[in-house]
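Take a look at the letters that make up each chain.
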Amino acid sequence: RTAGEDISLWKTGYRTKEAGEMTFDVMDFGGQGVYMPTHQFFLLNRAMYLLVWRALENPAVEEVEEELPSVAEMICQWMDMLQHRVPGVSVMLVCSHIDTVKSAELLDMQVDYVRKTVLDKTRQTRGLVGRMGDAVLQHV
């Protein structure tokens, strides 16, 4: 779990004639709400954004239905912040720890819930989804 921001350099080992070795500046932001106000200072136009959330591991169906609204709301808050700070940004949603979920049905339920919630919220707040919406979210 990241506290605050964790910034590192990722050297891919891939080289091009024009630019040399391909490297990425990787910024891992803690998802806790207390850190959110600081994240806006690190957002850039020329960046690839992955919004990662952890799958609920082995919950009962009732627990999934109770916990997913807060997970989806946090994802919506991040998407809103990104859109306000970097208009037109593309975001890829990634569900991690999927190998720990006890059934494909529970995983599908989680992903479908997040997809629907994010799309509905995006449509409500903007009237349209735009670049950061349908194409990316259909591939969660």
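Because the structure is predicted, anything quoted here is derived from the model rather than measured.

Chemist: Any chance you could explain the side chain of Gln110 here in plain terms?
Modeler: With respect to the helices and strands, Gln110 occurs in helix 3 (residues 104-126). Polar contacts involving the side chain of Gln110 include one to the main-chain amide nitrogen of Leu56, which spans 2.7 Å. Here Gln110 is in contact with Ala55, Leu56, Val64, Leu68 and Val101, once residues within four sequence places are set aside.

Chemist: Quick question: what am I supposed to make of a nonpolar patch on the surface here?
Modeler: Together, Trp10, Tyr14, Met22, Phe24, Val26, Met48, Leu50, Val52 and Met92 make up an exposed nonpolar region whose accessible area comes to about 910 Å². When contributions to the nonpolar patch are tallied by element, the ones reaching two or more residues are strand 1 (5-16), strand 2 (20-29) and strand 3 (49-54). With 3 residues, strand 2 is the single largest residue contributor to the nonpolar patch.

Chemist: Before we go on, may I ask you to explain unusual backbone geometry in this structure?
Modeler: For His97, which is not glycine, the phi dihedral falls at a positive 60°. Following the sequence through the fold, His97 ends up in the loop between strand 4 (91-96) and helix 3. Overall, the relative accessible area of 33% leaves His97 in the partly exposed class.

Thresholds applied
Residues numbered from 1 in each chain as written. Predicted model: local features only at pLDDT ≥ 70, side-chain atom pairs only at ≥ 80, totals over all residues. Heavy atoms only, no water. Helix = DSSP H or I, 4+ residues; strand = E, 2+ residues; numbered from the N terminus. Polar contact = N/O pair within 3.5 Å; in protein donor to acceptor, adjacent residues only side chain to side chain. Contact = heavy atoms within 4.5 Å. Patch = residues over 30% accessible without salt bridge, like charges linked within 9 Å, V, L, I, M, F, W, Y side chains within 5 Å. Areas by Shrake-Rupley, 256 points an atom, 1.4 Å probe, with all protein chains shown as cover. Salt bridge = Lys/Arg side-chain N within 4 Å of Asp/Glu carboxyl O. Buried < 20%, exposed > 50% of the residue type's maximum accessible area, 1.4 Å probe, protein only.

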